[in-house]
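Below, each chain spelled out in residue letters.
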Number of protein chains: 2
Amino acid sequence: VNDPLAAVLREIVGTQNVLVDPGIRAAFETDWTRRFHGVSRCVVRPGSADEVAMVLRACAAEHAAVVPQGGNTGLVGGGVPRGGEVVLSLLRIDGIEHIDPHLGEVTCGAGLTLGALNEAAGAHGLRLGVDLAARGSATVGGMVATNAGGINVLRYGMMRSQVLGFEAVLANGSVIDRLEGPAKDNSGYDLGQLLAGSEGTLAVITRLRLRLVPVLPHSAVALFGAPTPEAAIDLAQRARAHFDDLEAAEFFLPEGLDLVRHHTGASNPFRRRWAMYVLFEIASRKPDVLERFAEFMDTVPGLGEGQMDGTFAQDAMDRKRLWALRERHTEAINSEGVPVKLDVAIPLARLPRFLDEVRGAVTSFAPSARAIIFGHLADANLHVNILGADGHEEAVTGSVLRLVAALKGSISAEHGIGIAKSHWLGLTRSPQDIAVMRAIKRALDPEGILNPGVIFTDTARPVTPPARRR
Amino acid sequence: VNDPLAAVLREIVGTQNVLVDPGIRAAFETDWTRRFHGVSRCVVRPGSADEVAMVLRACAAEHAAVVPQGGNTGLVGGGVPRGGEVVLSLLRIDGIEHIDPHLGEVTCGAGLTLGALNEAAGAHGLRLGVDLAARGSATVGGMVATNAGGINVLRYGMMRSQVLGFEAVLANGSVIDRLEGPAKDNSGYDLGQLLAGSEGTLAVITRLRLRLVPVLPHSAVALFGAPTPEAAIDLAQRARAHFDDLEAAEFFLPEGLDLVRHHTGASNPFRRRWAMYVLFEIASRKPDVLERFAEFMDTVPGLGEGQMDGTFAQDAMDRKRLWALRERHTEAINSEGVPVKLDVAIPLARLPRFLDEVRGAVTSFAPSARAIIFGHLADANLHVNILGADGHEEAVTGSVLRLVAALKGSISAEHGIGIAKSHWLGLTRSPQDIAVMRAIKRALDPEGILNPGVIFTDTARPVTPPARRR
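Remember, predicted model here, so these are calculated numbers, not experimental data.

Visitor: Which residues make up the overall build of chain A, and what are the values?
Guide: Of the regular secondary structure elements, chain A holds 15 helices and 17 strands. On C-alpha atoms alone, chain A measures out to a radius of gyration of 23 Å, which is about the 23 Å that the 2.2 N^0.38 rule sets for 470 residues. Each of the three principal axes of chain A carries a C-alpha extent, and together these read 80 × 55 × 45 Å. Relative to its full complement of 470 residues, chain A shows a buried share of 60%. Of the contacts made within chain A by residues no fewer than 6 positions apart, 73% connect residues no fewer than 24 positions apart. A total of about 17,500 Å² of accessible surface is found on chain A, and carbon and sulfur atoms cover 52% of it.

Put into structure tokens, the structure is as follows:
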């Protein structure tokens, strides 16, 4: 309470916006996976880019490390303190400034949640092209900072592809304003694309201009059971080639289906057990979506001959029921314990080999652990959830990520590196590559006050005060 | 010939790949607009990333500036020497290493031309999603380095959106290899997105993995005449909302049409003269493209009542004829003289005001000059070609770009800054913004040997040798 930095921050943002009470701070100090937790120096809640600039200057003057935080829905510990940092919450910068229904654009604060954005955009028949399960809490600023993905990437791209303009504050308090202006702009380096996915280590994003996409009135959902991962991949490739309007191509495995059915009481969608389940959604302005799914099914070899199975939803309730089998994986897994959550991508051709070998990679370090795997098949993006690794989390993580690297995959497809994977970055990034990323980090944040420990291991501790200058 | 650096470079790439003869060098020293020209120290043609690395290290040791060059089709002088630099030509690194028809990907050398790429990809029914008139010479490396745009941006995005992987060499000779692996990868900063559009100032791109799109068998082209720019913009918005498969929405003006007709002998597509002409193309896997255009025309208010006019191509010859009215603008303009070529974007709502005011902005500095304007309507991207500005090129350029900045436009939508616009960068980028771009430049190229003078003015001269270090 008598921290002199907190007193300075109160001058900037007002007393009520500097949280020092441990009970009130707690919600900002633990992430929702319950895996990452740290005690903050205080939580500061600025209301504008100018206030963010003053906060960062005040922190820099004290060599105090800062953790920018949005909705605190990250999965790699990048948005909660490690110990002693100032948490800079963006939640007060959440205004919807302008929606342009003709151009399909919104200008808003970084602290706006995806849910609130979609509610406002929905009045104009629009939504953000990125959607994810944490939509009620995840903020658009956090989604850009982590380059969020989700279920519609194959149609609309990741979060970086939605950014038309931004406002951000550098560690030195400079406000960079590229909010307005045409999206097509080759005037110097694309700083917005550099900040997208930089996980709060280069700047604090304060406002955004984002592309919106139409809410399409007609959608159809189909679920397939495939005898092998290879057959499932082939099916997904066929669907991509067949449909211009494929919105989702998700997959899960029988162990996951069992868990979800056990947790939710859902019935089995098929008579027999398949090696891989694939869920497709198409969405269109035109009503013929069911007919087109039926046409597609006619082109799938082996369907209806017992070599594959497929069903499609007849109505909205049915669609929801099929989606629940995929979407309720996370809560079903969480009900069994705190999983190790890994988010990887594997070149599609090597995906079957990964699925063959990943269980061995897990159980060799944690014999009683089990891996529940689901994800975005079109993107070759797998969410690997490991339950029962108690005490062996790091060994199991390393084992799985080494397998990913050996198959030339990505150790973080959409969740980011955070602090969870910073010491594994060298698995897929060469020393030269990491050196150039560090050089960029130093260029934008020479004192290392922004999110130390995230992405790069050796910035893990809050900077120690050198001799005060001038 | 007795330049010691040339001797070192010969050791690296072989005698035949270091060009010192002025006659042979000439093709690498003048850009195709004929506006930019400089004498090089020599031209070096490495054949691999390792050779590029050795070349850059040798140049760094001599503090010799390097201009990376692809097909030399840039329009802002960023790829030709200013005087005394080493030209590093990528044209020998032009192999097509792998085309994956299932995933729709190509891995190739940076010096491969777009035309050669599309020829090879065409055998698999694929092409690059970016297309532009210079396709015979433009290289994919240069297209990424300048984030090229072209006519299909509204469907497939700019060149940065096609990049799935890259290999590049930093000024210090480090080879960064992110060629393989899944496109979905949030493992640290997205260096590929930083290099896209950095115009050879941060690294030399040597190999690329690029997304390919299907060559669609059915296309339809329509041309409209609109009574006002506002009506043309409204029409383009309607087309975007109507079609999922709009590939192009281009525009030109009556002065440009007159010039093209005079140059090519083409007949007038409409009985009367319209204020703005809009050309649309849709492309699909399905054959009903003409029917869908007819449906669209029924929804356009005023069409067929004399308030607007429209025609659509009945066959391939017809499509070519309509496209020629737009595509032959450049050659028609060039036949009248060497134009000042500006490439700007204007927020769509302010486009009519820009068109109203741009002629005054030109003639106030060059009374007899005329502006021929055409471009990509959906992207609000205008190519402003000024003929007859003789002796007043800089004044006219400044006048137009100041107008663009006042309307919150972009002073370079797709061509880049190069040396042509480096002293205008401050019109749309704040001092803080330019400072952070310079910090990134220093971080990646501390000696300033890569393309000095491009983007930033004060790196305009080849670096002067400081005291040689150990």
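Here the narrative resumes, following the displayed structure.
Visitor: Explain the sheet that holds strand S4 (residues 86-89) of chain B to me, and be specific about the residues and the numbers.
Guide: Within a sheet, adjacent strands bond to each other through the backbone by hydrogen bonds, running parallel or antiparallel. Residue and element names in this part refer to chain B. Ordered in space as S1-S2-S4-S3, the four strands form an open sheet in which the pairing is mixed. Whereas interior strands pair on both sides, the edge strands pair on one side only; in this sheet they are strand S1 (18-19) and strand S3 (66-69). Summarising the sheet, S1 and strand S2 (residues 42-44) pair through two bridges and their orientation is antiparallel. Paired with Val-18 across the bridge in S2 is Val-44.

Visitor: Any details on the relation of the copies chain A and chain B? Residues and values, ideally.
Guide: Each of the two copies of the chain can be brought onto the other by a rotation about an axis and a shift along it. After a rotation of 180° and a shift along the axis of 0.0 Å, chain A superposes on chain B with an RMSD of 0.0 Å. Look at the turn and shift together and you get a two-fold axis relating the two. Interface overlap between copies: 100% of the residues of chain A at the interface are likewise at the interface in chain B, consistent with a symmetric, same-surface contact.

Visitor: Tell me about the sheet that holds strand S16 (residues 370-376) of chain B, residues and numbers included.
Guide: All names here are of chain B. Strand order across the open sheet formed by seven strands is S14-S11-S13-S12-S16-S17-S15, with antiparallel pairing between neighbours. In this open sheet, the two edge strands, each paired with only one partner strand, are strand S14 (309-312) and strand S15 (340-345). Across the sheet, the mean angle separating the axes of adjacent strands is 15° when strand polarity is ignored. The sheet contact formed by S15 and strand S17 (residues 381-387) spans six bridges and is antiparallel. Looking at the pairing, Val-344 lines up with Leu-382 of S17. Contacting strand S11 (218-226), strand S12 (246-252) and strand S13 (276-284), helix H8 (residues 229-242) runs over the sheet at an angle of about 10° to S13. Along the sheet, helix H13 (residues 351-363) contacts S13, S15, S16 and S17; its crossing angle with S17, the most-contacted strand, is approximately 15°.

Visitor: Can you tell me about empty space enclosed by the protein, naming the residues and giving the values?
Guide: Within this structure, the stated rule accounts for seven cavities of 30 Å³ or more. Taken as a whole, the largest cavity encloses approximately 60 Å³ of empty space. As for the largest cavity, its lining consists of Val-436 and Ile-440 of chain A together with Phe-166, Ala-168, Leu-170, Ile-176, Leu-191, Leu-194, Leu-195, Ala-203 and Leu-444 of chain B. Of all elements in the fold, only helix H15 (431-444) of chain A together with strand S8 (163-170) and helix H7 (191-195) of chain B reach the threshold of two or more residues within the lining of the largest cavity. Residues that form the lining of the largest cavity fall into these classes: eleven nonpolar, no polar and no charged.

Visitor: I'd like to hear about the confidence of the model for chain A, residue by residue, with values.
Guide: Residue and element names in this part refer to chain A. Residues of chain A with pLDDT of at least 70 account for 97%, and the chain-wide mean is 94. Contacts from residues 460-470, a stretch scored under 50 in pLDDT, to residues over four places away or in other chains number 16 contacts. Per the prediction output, this complex has pTM 0.94; the corresponding ipTM is 0.94.

Visitor: Quick one: what's the story with the nonpolar core, residue by residue and with numbers?
Guide: One finds Phe-354 of chain A together with Phe-354 of chain B to be the most contacted residues of the largest nonpolar core, which totals 206 residues. Those residues in contact with Phe-354 of chain B that sit more than four places away from it in its chain are Val-344, Ile-346, Leu-382, Val-384, Val-400, Leu-403, Val-404 and Leu-407 of chain B.

Visitor: Any chance you could break down the packing of aromatic side chains for me, citing the residues and the numbers?
Guide: Following the criterion strictly, the structure yields 18 aromatic pairs over all chains and no others. With a centroid separation of 5.2 Å and an interplanar angle of 55°, the aromatic rings of Phe-243 of chain A and Phe-296 of chain A are classed as tilted. Within this pair, whereas Phe-243 of chain A is found in the loop between helix H8 (229-242) and strand S12 (246-252), its partner Phe-296 of chain A is found in helix H10 (residues 289-299), the two being separated by 53 residues in sequence. With respect to class, Phe-243 of chain A is no different from Phe-296 of chain A; both count as buried. When the centroid spacing of 6.3 Å and the interplanar angle of 85° are considered together, the rings of Phe-224 of chain B and Phe-296 of chain B count as edge-to-face. With Phe-224 of chain B in strand S11 and Phe-296 of chain B in helix H10 (residues 289-299), the pair connects residues that are 72 residues apart, well separated along the chain. Judged by relative accessible area, which is 0%, Phe-224 of chain B ranks as buried. The class of Phe-296 of chain B is buried, set by a relative accessible area of 0%. Taken together, the aromatic side chains of Phe-224, Phe-243, Phe-280, Phe-293, Phe-296 and Phe-312 of chain A make up a single cluster linked through ring pairs.

Visitor: Report on the environment of Asp-343 of chain A, specifying residues and quantitative values.
Guide: Residue and element names in this part refer to chain A. Mapping Asp-343 onto the fold places it in strand S15 (residues 340-345). On the basis of relative accessible area, Asp-343 is assigned to the buried category, the value being 1%. In the structure, Asp-343 is positioned 268 residues away from Leu-75 in sequence and 9.3 Å away in space, judged by C-alpha atoms. A distance of 3.2 Å separates polar atoms of two side chains, one belonging to Asp-343 and the other to His-383. A polar side-chain atom of Asp-343 sits 2.5 Å from the main-chain amide nitrogen of Glu-414.

Visitor: Lay out the pattern of salt bridges in plain terms, naming residues and giving numbers.
Guide: Here the idea is simple: oppositely charged side chains can pair when their charged atoms come close. Residues and elements named next belong to chain A. Tallied over the entire structure, the rule returns 56 salt bridges over all chains. Lys-441 is paired through a salt bridge with Asp-445; the nearest N and O atoms lie 2.8 Å apart. Residue classification places Lys-441 among the buried residues on the basis of a relative accessible area of 6%. For Asp-445, a relative accessible area of 2% puts it in the buried group. Three or more residues are tied together by salt bridges with common partners; here these are Glu-97, Glu-167 and Arg-207.

Visitor: Give a description of the packing of helix H1 (residues 4-13) of chain A against helix H3 (residues 49-61) of chain A that names residues and reports values.
Guide: Residues and elements named next belong to chain A. Running from amino to carboxyl end, H1 crosses H3 at an angle of 165°, the nearest separation of the two axes being 10 Å. Relative to H3, the element H1 is oriented roughly antiparallel. Where H1 crosses over H3, the handedness of that crossing is right-handed. Contact with H1, carried on its side by Leu-5, Val-8, Leu-9, Ile-12 and Val-13, involves Glu-51, Met-54, Val-55, Ala-58 and Cys-59 of H3 and no other residues of that element. The residue inventory of the contact of H1 with H3, partitioned by class, reads nine nonpolar, no polar and one charged.

Visitor: Account for unusual backbone geometry, naming residues and giving values.
Guide: The residue Asn-72 of chain A is not glycine, and still its phi comes out positive at about 60°. Among the secondary structure elements, Asn-72 of chain A is positioned in the loop between strand S3 (66-69) and strand S4 (86-89). Its identity is not glycine, yet Ala-380 of chain B carries a phi of approximately 55°, on the positive side. Within the fold, Ala-380 of chain B resides in the loop between S16 and S17. Residue Ala-380 of chain B is classed as buried on the basis of its relative accessible area, which comes to 7%.

Visitor: So what's going on with the interface of chain A and chain B? Residues and values would help.
Guide: In this assembly, 72 residues from chain A lie in contact with 72 residues from chain B. Of the roughly 5,300 Å² buried between chain A and chain B, counting both surfaces, carbon and sulfur atoms make up 54%. By the criterion of area lost to chain B, the three top residues of chain A are Lys-184, Asn-186 and Tyr-189 of chain A, representing 20% of everything that side buries. Here chain A is connected to chain B by 14 salt bridges. Ionic pairing is found between Arg-178 of chain B and Asp-433 of chain A, a salt bridge with its closest N-O pair at 2.8 Å. At the level of secondary structure, the elements contributing two or more residues to the side of chain A that touches chain B comprise strand S9 (175-178), helix H7 (191-195), H8 and H15 of chain A. Sort the elements by how many residues they give to the side of chain A that touches chain B and H15 of chain A lands first, with nine residues.

Visitor: An account of the environment of Ser-187 of chain B is needed here, citing residue identities and associated values.
Guide: Along the chain, Ser-187 of chain B falls in the loop between strand S9 (175-178) and H7. Those residues in contact with Ser-187 of chain B that sit more than four places away from it in its chain are Ser-410, Ile-411, Ser-412, Ile-417, Leu-425, Thr-428, Arg-429 and Met-437 of chain A. In this structure the side chain of Ser-187 of chain B is engaged in a polar contact, spanning 2.6 Å, whose partner is the side chain of Asp-185 of chain B.

Visitor: Which residues make up helix H9 (residues 254-264) of chain B, and what values do they have?
Guide: Turn by turn, an α-helix covers 3.6 residues, leaving residues three or four places apart pointing in a common direction. Residue and element names in this part refer to chain B. The complete set of buried residues in H9 reads Pro-254, Gly-256, Leu-257, Leu-259 and Val-260. On its buried face, H9 is in contact with S12, S13, helix H11 (316-327), helix H12 (329-334) and S16. The first or second residue beyond H9 is Gly-265, which carries a positive phi of 80°.

Rules and cut-offs
- Throughout, residues of each chain are indexed from 1 in the direction in which the sequence is written.
- Chains and ligands are labelled by the order in which they are written, letters from A for the one and numbers from 1 for the other.
- Per-residue local features of the predicted model are confined to residues with pLDDT of at least 70, and side-chain atom pairs are confined, for both listing and counting, to 80 or more; whole-chain, interface and lining totals are unaffected and use all residues.
- Neither water nor hydrogens contribute to the side-chain values; these are computed over all heavy atoms in the structure.
- Here a strand is any run of E in DSSP of at least two residues, a helix any run of H or I of at least four, and the numbering for each starts at the N terminus.
- With C-alpha atoms as the basis for the radius of gyration, the globule rule is written as 2.2 Å multiplied by the number of residues raised to the power 0.38.
- Under the scheme applied here, a residue whose accessible area is under 20% of the maximum for its type counts as buried, over 50% as exposed, and between as partly exposed, the area being computed with a 1.4 Å probe on protein chains only.
- Throughout, a contact is declared for two residues whenever any of their heavy atoms are within 4.5 Å.
- Only the protein chains shown count as cover for residues, with accessible areas throughout obtained via the Shrake-Rupley method and a probe of 1.4 Å.
- We treat two strands as partners when DSSP finds at least two bridges between them.
- All copies are superposed by least squares; the fitting set is the C-alpha atoms of residues with a pLDDT of at least 70 in both.
- Axis lines are fitted to C-alpha atoms, over the contacting stretch for helices. Their N-to-C directions set the angle, which ranges from 0 to 180 degrees.
- For cavity detection a 1 Å grid was placed over the protein atoms alone, and a set of points counts as a cavity when a 1.4 Å probe fits there but cannot get out; an open set counts as a pocket when protein lies on both sides within 12 Å along at least five of seven lines, with lining residues being those that have an atom within 4 Å of a point.
- Grid points are joined across faces, edges and corners, and a volume is the space filled by probe spheres set on the points.
- In this count, Pro and Cys sit with the nonpolar residues alongside Ala, Val, Leu, Ile, Met, Phe, Trp and Tyr, while Asp, Glu, Lys and Arg are called charged and the others, Gly among them, polar.
- pLDDT expresses how confident the predictor is about each individual residue, on a scale running from 0 to 100.
- By convention a nonpolar core is built from buried Ala, Val, Leu, Ile, Met, Phe, Trp, Tyr and Cys residues, the set being connected through side-chain atoms within 4.5 Å.
- A pair of aromatic rings is counted whenever rings of Phe, Tyr or Trp (Trp by its six-membered ring) have centres within 6.5 Å, and the orientation is called stacked for planes under 30 degrees apart, edge-to-face for over 60 and tilted otherwise.
- Side-chain atoms alone can form a polar contact between residues adjacent in sequence; in general such a contact is a pair of N or O atoms within 3.5 Å, and within protein one must be able to donate a hydrogen while the other accepts it.
- For salt bridges, the criterion is a side-chain nitrogen of Lys or Arg within 4 Å of an Asp or Glu carboxyl oxygen.
- What sets the label is the angle itself: under 35 degrees gives roughly parallel, over 145 gives roughly antiparallel, 65 to 115 gives roughly perpendicular, and the rest give oblique.
- Here is the rule for handedness: rotate from the far helix to the near one, and if that takes an anticlockwise turn smaller than a right angle the crossing is left-handed, while a clockwise turn gives right-handed.
- We define buried area as the total accessible area lost by two parts upon association, computed with a 1.4 Å probe and summed across both.

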